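Reading the structure
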Amino acid sequence: MALGAGLMTAGTAQANDDKILIGYWPIASGLPLYTALERGFFKEAGLNVEGVKFASAQQVAESMIAGRTHGSANGTASAALGLAEIVSPGLYKIICSNPSNHKLILDQFVVPKDSPIKSIAELKGKRVASGPGIQNVTLAKIILEKNGIVDPKVIELPIGQHVPALAADQLDAVYTLEPTGTAGRLKGLTRVLENGVISKYVLGAADAPWFGGSASVTSSFLKDRPDAAKKYIAAYARAVDFVRKNPAEVRKHLDGFTSIDPSLVNEVPLAGFTLYNEFTASDLGYFQKFFDVFTERKIFSRAVPVKGLIYTG
């Protein structure tokens, strides 16, 4: 996996002036960043923060390696960050992660509305796609294998194209992330085959927290601008608290940052959020189990201990 290839020699110039650039992948779990920007939490902390949208979580991680951004928002694939740690050890610290399972819905398999398929096991020989990036493809394959499908083939497709591709009969199913399932259902085009598939099939328990996405700050940001970094982390934590306490009110912030139609924002499931100082031993165990899957599959060239990646204040 060539994460960061071509970037290590591209220079490490940081962003100009006092601006703090945070990369994000435009999905629902990036809500704390969207909320903090829209509600002025960063400005109130005296910070000039700008969200930078990328087409994939891998691109977010690559921008951090190249020194073009100061961190990632929630929703950035944790495995992409794990690969970034291998490429550039000590690159970042995780300040928040977004756990999901069958109750905190993020990950799902979706099929066309009128598809006869009733279970993931029935996808043998079918056209299956996932979102872009090594995390999405790997997890989709594992889930298919756990359902008895040998050597599954998975097509990479931008997440915004999942519903149109299913509706146009170009695919039989997708492993995807919200708001795809909700958007397709409300438009009358798709239905969810199964939610919470990572916890069930990869972590082995439907209630297990899957820390599939994480917000982070680079170690160089923490070192070079410690006061700004601490203010940023505090403002981000304030946004997480606000999201937890005002779920209905913050949904409107999904509009403009994601491809979610404004008419659908009230229906999209919201992710959970675990701040750096809230991880339990059990949480870290499940997070590590998730990373170990990528080591076992030789996508990670070495084991990546999760505990050392968590910001400690």
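Anyway, here's the lowdown on the structure attached to this text. (Residues numbered from 1 in each chain as written. Predicted model: local features only at pLDDT ≥ 70, side-chain atom pairs only at ≥ 80, totals over all residues. Heavy atoms only, no water.)

1. Notes on helix α5 (residues 134-146)
To keep things clear, this is the line we draw: Secondary structure elements follow DSSP: runs of H or I no shorter than four residues count as helices, runs of E no shorter than two count as strands, and numbering proceeds from the N terminus. The span one expects for a helix is its residue count, reduced by one, times 1.5 Å. The cut-offs for exposure are 20% and 50% of the maximum accessible area for each residue type, with area from a 1.4 Å probe on protein chains only; residues under the lower value are buried, those over the upper are exposed, and the others partly exposed.
For α5, built from 13 residues, the straight-helix expectation of 18 Å at 1.5 Å per residue is met to within 8% by its first-to-last C-alpha distance of 18 Å. Regarding α5, the residues found buried are Q135, N136, V137, T138, L139, A140, I142, I143 and L144. Count one or two residues on from α5 and you reach G148, which has phi positive near 85 degrees.

2. As for the environment of A28
Filter applied, for reference: Working rule for contacts: check all heavy atoms of both residues, and any pair within 4.5 Å makes them a contact.
As for its position among the elements, A28 is in the loop between β1 (19-24) and α1 (31-38). With a relative accessible area of 6%, A28 lands in the buried category. Residues A28 and T180, spaced 152 residues apart in sequence, show a C-alpha to C-alpha distance of 9.8 Å. With sequence-adjacent residues up to four places away left out, A28 is seen in contact with Y34, E178, P179, L254, T258, I260 and V268.

3. What to know about the packing of aromatic side chains
For the record, the criterion: Aromatic rings from Phe, Tyr and Trp, taking only the six-membered ring of Trp, are treated as a pair when their centres fall within 6.5 Å; an angle between ring planes under 30 degrees marks them as stacked, one over 60 as edge-to-face, and anything in between as tilted.
For the coordinates displayed, the defined rule picks out 18 aromatic pairs. When the centroid spacing of 5.9 Å and the interplanar angle of 65 degrees are considered together, the rings of Y24 and F257 count as edge-to-face. Note that Y24 is positioned in strand β1 and F257 in the loop between α11 (247-250) and β11 (274-275), a separation of 233 residues in sequence. The burial state of Y24 is the same as that of F257; both residues are buried.

4. Thoughts on the sheet that holds strand β10 (residues 210-218)
As a reminder, the rule being used: We treat two strands as partners when DSSP finds at least two bridges between them. Inter-axis angles, ranging from 0 to 180 degrees, are taken between N-to-C directions of lines fitted to C-alpha atoms, where helices are fitted over the stretch in contact.
If you trace the six strands from one edge of the open sheet to the other, you get β2-β1-β3-β10-β4-β11, paired in mixed fashion. A strand with exactly one partner marks an edge of an open sheet, and here the two such strands are β2 (48-53) and β11. Here helix α12 (residues 281-296) sits on the sheet and contacts β4 (92-100), β10 and β11; the angle it forms with β10, its principal contact strand, is near 95 degrees.

5. Focus on the packing of α5 against α12
Threshold: Roughly parallel refers to an angle under 35 degrees, roughly antiparallel to one over 145, roughly perpendicular to one between 65 and 115, and oblique to any angle outside these ranges. Only Asp, Glu, Lys and Arg are considered charged, only Ala, Val, Leu, Ile, Met, Phe, Trp, Tyr, Cys and Pro nonpolar, and every remaining residue, Gly among them, polar.
Where α5 contacts α12, the axes come no closer than 12 Å and their chain directions differ by 90 degrees. Taken as axis vectors, α5 and α12 run roughly perpendicular relative to one another. Counting all contacts with α5, which are made through I134, Q135, T138, L139 and I142, the residues of α12 involved are F290, V293 and F294. Residues that form the contact of α5 with α12 fall into these classes: six nonpolar, two polar and no charged.

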